[in-house]
Each structure stands twice: as structure tokens, then as C-alpha cells.
Amino acid sequence: RSAADVYAVPAVAVTQDLSGLGIPVVLGVGLTATNGIGVDYQHAANSIGAAAELINLGVNAGIGMKMSDTLDVGVALTITYAMLEAGLTGSGTQKHDIGFRGTLGARKHMGNTTIGMYYQTELEHQYANLHVTSMNGEESALTAATIGAGNIKCNGAPTAVCRQDLHVQQPWNIGLGIAHNVDAHTMVMLGFAHKKWSDAKFFNDFYDDQNVISIG
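The sections below set out a description of the structure shown in this document. (Residues numbered from 1 in each chain as written. Predicted model: local features only at pLDDT ≥ 70, side-chain atom pairs only at ≥ 80, totals over all residues. Heavy atoms only, no water.)

**Quick word on the environment of His-180**
Note the cut-off: Put simply, DSSP H or I for four residues or longer makes a helix, DSSP E for two residues or longer makes a strand, and each gets a number counted from the N terminus. Residue burial is assigned from relative accessible area. The probe radius is 1.4 Å, only protein chains are included, and a residue is buried under 20% of its type maximum, exposed over 50%, and partly exposed in between. Whenever two N or O atoms come within 3.5 Å, that pair is a polar contact, provided that in protein one can donate a hydrogen and the other can accept it, and provided that, for residues adjacent in sequence, both atoms are side-chain atoms.
Tracing the chain through its elements places His-180 in strand 9 (residues 173-183). Among the residues examined, His-180 registers a relative accessible area of 32% and is labelled partly exposed. Here the alpha-carbon distance between His-180 and Asn-112, two residues 68 residues apart in the chain, equals 5.7 Å. A polar atom in the side chain of His-180 sits 2.8 Å from the side chain of Thr-113.

**Notes on the environment of Val-29**
Note the cut-off: Contact between two residues is taken to exist if any of their heavy atoms lie within 4.5 Å; hydrogens are not considered.
Structurally, Val-29 can be placed in strand 2 (residues 25-40). For Val-29, a relative accessible area of 40% gives the class partly exposed. Leave out the neighbours within four places in its chain, and Val-29 touches Val-12, Ala-13, Val-14, Val-59, Asn-60 and Ala-61.

**Regarding the layout of surface pockets**
Selection rule: Site definitions follow a grid-based scheme: protein atoms alone, a 1 Å grid, a 1.4 Å probe that fits but cannot get out for cavities, and for pockets an open set with protein on both sides within 12 Å along at least five of seven lines, plus lining residues having an atom within 4 Å of a point. Grid points are joined across faces, edges and corners, and a volume is the space filled by probe spheres set on the points. For this classification, Asp, Glu, Lys and Arg are treated as charged, while Ala, Val, Leu, Ile, Met, Phe, Trp, Tyr, Cys and Pro are nonpolar and the rest, including Gly, are polar.
For the second largest pocket, the calculated volume is near 280 Å³. Around the second largest pocket, the lining comprises 15 residues; the ones closest to its centre are Ala-61, Gly-62, Ile-63, Val-75 and Ala-76. Among the secondary structure elements, those contributing two or more residues to the lining of the second largest pocket are strand 2, strand 3 (51-66) and strand 4 (71-85). Top element by residues in the lining of the second largest pocket is strand 3. It accounts for 5 residues. The class makeup of the residues in the lining of the second largest pocket is 6 nonpolar, 9 polar and no charged.

**Concerning the pairing of strand 9**
Counted only if it meets this: In this scheme, strands are said to pair when DSSP sees at least two bridges between them.
Here strand 6 (residues 113-120) runs beside strand 9; their pairing, made up of 8 bridges, is antiparallel. When the sheet's bridge partners are listed, Gln-120 is paired in strand 9 with Asn-173. Bridge analysis of strand 9 against strand 10 (residues 186-195) gives 10 bridges, and the strand direction is antiparallel. Bridge pairing in strand 10 links Asn-173 to Lys-195. The antiparallel hairpin formed by strand 9 and strand 10 contains 2 residues in its connecting segment.

**Some remarks on the nonpolar core**
For clarity, the cut-off: Put simply, a nonpolar core is a bunch of buried Ala, Val, Leu, Ile, Met, Phe, Trp, Tyr and Cys residues held in one set by side-chain atoms that sit within 4.5 Å of each other.
Core analysis: the biggest nonpolar cluster contains 10 residues, these being Leu-54, Ala-82, Leu-84, Ala-86, Tyr-127, Leu-130, Val-168, Trp-197, Ala-200 and Phe-203. Elements represented by at least two residues in this core include exactly strand 4 and strand 7 (123-134). Residues in contact with Tyr-127, not counting those within four places in the same chain, are Leu-54, Asn-56, Ala-82, Leu-84, Lys-95, His-96, Asp-97, Gln-164, Asp-165, Leu-166 and Val-168.

**Side note on the environment of Gly-74**
Note on placement: Gly-74 falls in strand 4. Here Gly-74 falls in the partly exposed class, since its relative accessible area comes to 22%. On a C-alpha basis, the gap between Gly-74 and Thr-103 in space is 8.2 Å, while along the polypeptide they are 29 residues apart. What Gly-74 contacts, discounting residues up to four positions off in sequence, is Ile-63, Gly-64, Thr-103, Leu-104 and Gly-105.

**A look at the packing of aromatic side chains**
Selection criterion: Between 30 and 60 degrees the pair is tilted, below 30 it is stacked and above 60 it is edge-to-face, where a pair is any two Phe, Tyr or Trp rings, Trp via its six-membered ring, whose centres lie within 6.5 Å.
Applying the stated rule across the entire model yields 6 aromatic pairs. Between Tyr-119 and Trp-172, the aromatic rings sit 6.1 Å apart at their centres with planes inclined by 45 degrees, giving tilted as the arrangement. Of this pair, Tyr-119 sits in strand 6 while Trp-172 sits in the loop between strand 8 (161-170) and strand 9, and the two are 53 residues apart along the sequence. Judged by relative accessible area, which is 39%, Tyr-119 ranks as partly exposed.

**Brief notes about the pattern of salt bridges**
Our working rule: We count a salt bridge whenever a side-chain nitrogen from Lys or Arg sits within 4 Å of a carboxyl oxygen from Asp or Glu.
Going through the model one piece at a time under the given rule, you end up with 2 salt bridges. Asp-72 is paired through a salt bridge with Arg-107; the nearest N and O atoms lie 2.8 Å apart. A residue pair is termed long-range when its members are at least 10 positions apart, and Asp-72 in strand 4 and Arg-107 in strand 5 (residues 95-110) qualify at 35 residues. Asp-72 sits in the buried class, given a relative accessible area of 12%.

Shown next, in the form of C-alpha cells:
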């Protein structure tokens, strides 16, 4: 069992409505942990001290505009700072990177019913020289022959080790939601989201595409 402890997930945001100034715009900014994962098997006898941790912190800046009495649109930019330590897959040092993703959404009011939808781009981080593999020893899987054949690509000229970059992507997402006011005190909601893991580098080896349904 992993000994990874509890992770704190900050989420704080503020908004400013400019409609009082005659401008049909709402501005917003927030800070949150956009994604992350961690395991720790250093206590296990057969793990050889394996542990890994990925933490992404993101700043979100968005603007929403009232286009008409029934239509609102919004765009947002997310800037993330990512930290990855991959244990035995590298030298043990922590790697950092900055990533960007955008979100575009719209909301339409139709009487007691509101329909909303959004599209969110992929979020990519590149960790340079994270994967470090020894080429020493007769039993090594990395040899000049396999590298020369193009099966393995190393950064620069390979010597005693092969250094490789790791690209990690969060998938692009699309979502659709419907909310209906049953009466003055009751609202029912239904949401659908599709996460395209098969297009996301690294995670496409672990996850299938997901369809998420929410009811409230």
C-alpha cells in the first residue's frame, strides 16, 4: 500500500461584476491545484525505494460577457506550474515546467431552462532529461545498435547514459449542461463531459476516453 499522505488542494477565486459601470462584463481570477497524483513505496522491501509525485498548480483568469438578454459567453486562460519527481525513472531530482490551456464556453437562457456548453484545450508539460537510463553492462537493453536503429532516441550524443524528455498532457474536454427551474425553490440539473484521454500523451497508456454524467 502506498504511504503517500493527504494532499492539500487549494481553491480560491474572486470575481468583479462591471455591470454597475454600464459594462456587461464579469472578470475573474483564481488559484487551484489543477491535477496531480502521487505514490510512495519506499517502505516496501521489494520496491527499491520507488516513489513518484506530480503536482500542478494553476492560475485561472477569465472574462464573461453578456451578449444579449439570453446569451452569455466566456473565455479563460489557465497558466500552470508543474512539479514532477519520478523516482527510479530518473536521477531522483524534481523537474518543473509551465503549461497553458484555454477554455471557451457559452450559456443560453430559454425561459425556465438554461443550456451551457464549453470546450477546453489540452494542457501539456515537458520535463527535460527526466528519464535517465544506464547503457553500461553487457545485459543493458540500451546499446549503440538499438539507438542507431532509431528505436530509442536520446538527448544529444549517448555516452554512459541515455537522457530522455517526458511529455505529459491533460486531455481536451467538452461539456454540455442543462438546468431547469421546476418552481421558485427547486432546480434540477444534468451535465455531460467527455475527456479525450486517447489523445493525451503519457496518460493515453493508462486511461481510456471517459464520459462523465452528473445529476443534481
